[in-house]
Amino acid sequence: MAALPEYPAPSLVELRYLRPEQFDRLLAAEGDVWDTRLDWDFRPSADLVRRFVRMQSLGGYALVAGHEPVGYCYYVCEERKGLLGDIFILPEYDAPDLELALVDASLRAVWSTPGIHRVESQLMLLSSAAAARMPDRLRMETFRRQFMIAELTGRSSPLAHLPERSLPPGIEIVPWREYEQEAAARLIARAYKGHVDASINDQYCSVSGARRFLHNIVQYPGCGSFQSAASMCARDRVDGRLVGLSLASFIAYDVGHITQICVDPDWKGEGIGYEMLRRSSSALSGIGCRRVSLSVTSSNAEAVRLYERTGFRVAHEFDAFVWNRPELRAG
């Protein structure tokens, strides 16, 4: 029996001490995983990582073996909150203890940043073994999430053949326009008041936070390349108020993603969410997508039922983590 290959034990190094070209193999390997597991083109995100590493403006740590990064975790801090943005380790080094070493080092660095009171993270590729042993558990909450996919083409695709549903009197669905961002931010803050997703992402808790959320979706590739042609608003014709929102993006040249869908609480149960989902999906199909994906919190049973009924299936499960300073949780 041949001896197993031996790899040098990696050490933790801050990202700011590394060069972007050192990450080429690591980011290419991560891209393969995103493509295989999620049908997601990771290259735009990889380019952002290289850009910020080059600028020495990305916080986080790499596992370095020899002179090559074999794993990394990065974070960003904004106002009073930190975000753990991503984690990945090459398969030959992949082990829960190494994942946890990266998370722990990054989390400690975020907590040491003045003014930080909260940390959020949705690490899509974190192993379940590492997720079960996350650090700082006394101030941590965990929320199970599902990454769901539906086919847009073929006779066997329920989503491709959904019947149109009549809207309530006075409600119309119109294409997304950039000038709707302020009204959309107010809608998001209303729709997510007391919602589980507002516990995961505190940008849902205020109009100002929702503005930043929308800006990030439209301007940055973290949730794909924004597609206004497949994004919809539901509007009350009487007062002009937005009562529903569906935003879509490309995560690969032929794969769409619903980045946001919400309905004003006063209009829930009227079929508005269903019809926006149907129209956004149809629009994505019309501009060349063969499938569409979305993410949903598992405890959001109403949304999960809608997605399952319209043809979505679970392709991947992961956890969202939130850490709050004890004094905030007590208040």
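Model, not experiment: these values are computed from the prediction.

### Comments concerning the pairing of strand E4 (residues 81–89)
Most of E4 sits out of view: seven of its nine residues are buried. Two elements, strand E3 (residues 68–78) and E4, share eight bridges in a ladder whose sense is antiparallel. Bridging from a neighbouring strand, Tyr74 pairs with Asp86 of E4. The loop that links E3 with its antiparallel partner E4 comprises two residues; one of these, Glu79, has a positive phi angle of about 55°. Alignment of E4 against strand E5 (residues 118–122), held across four bridges, turns out to be parallel. Looking across to E5, one finds that Lys81 is bridged to Arg118. Between the parallel elements E4 and E5, the chain passes through helix H3 (residues 96–111) in a crossover that is right-handed.

### Examining the packing of helix H5 (residues 181–191) against helix H7 (residues 207–219)
Where H5 meets H7, the axes come as close as 8 Å, and the angle between the chain directions of the two elements is 120°. By the angle between their axes, H5 is oblique relative to H7. Crossing of H5 over H7 shows right-handed handedness. Together, Gln181, Glu182, Ala184, Ala185, Arg186, Ile188 and Ala189 of H5 and Val207, Ala210, Arg211, Phe213, Leu214, His215 and Val218 of H7 make up the contact between the two elements. Considered class by class, the residues forming the contact of H5 with H7 number nine nonpolar, two polar and three charged.

### Overview of helix H8 (residues 272–286)
For H8, spanning 15 residues, the distance from its first C-alpha to its last is 21 Å, which sits close to the expected 21 Å at 1.5 Å a residue. Of all 15 residues in H8, eleven are buried, a share of seventy percent or more.

### A word on the pairing of strand E10 (residues 242–252)
Taking burial as the measure, the eleven residues of E10 include eleven buried ones, the bulk of the element. The pairing of strand E8 (residues 225–226) with E10 spans two bridges and is classified as antiparallel. Bridge pairing links Phe226 to Ser249 in E10. The sheet contact formed by strand E9 (residues 232–236) and E10 spans four bridges and is antiparallel. Note on E10: the bridge partner recorded for Met232 is Ser246. Following E9, the chain reverses through five residues before pairing antiparallel with E10; Gly240 in that reversal takes a positive phi of roughly 75°. Connecting E10 to the antiparallel partner strand E11 (residues 255–263) that follows it, the hairpin turn spans two residues.

Analysis parameters
- Residues numbered from 1 in each chain as written.
- Predicted model: local features only at pLDDT ≥ 70, side-chain atom pairs only at ≥ 80, totals over all residues.
- Heavy atoms only, no water.
- Buried < 20%, exposed > 50% of the residue type's maximum accessible area, 1.4 Å probe, protein only.
- Helix = DSSP H or I, 4+ residues; strand = E, 2+ residues; numbered from the N terminus.
- Pairing = 2+ DSSP bridges.
- Right-handed = clockwise from strand over helix to strand, strands pointing away.
- Axes fitted to C-alpha atoms, helices over the stretch in contact; angles between N-to-C directions.
- Parallel < 35°, antiparallel > 145°, perpendicular 65-115°, else oblique.
- Left-handed = near helix turned anticlockwise from the far one by under 90°.
- Contact = heavy atoms within 4.5 Å.
- Nonpolar A, V, L, I, M, F, W, Y, C, P; charged D, E, K, R; others polar.
- Expected span 1.5 Å × (residues − 1).

The values are spatial; any link to function lies outside them.
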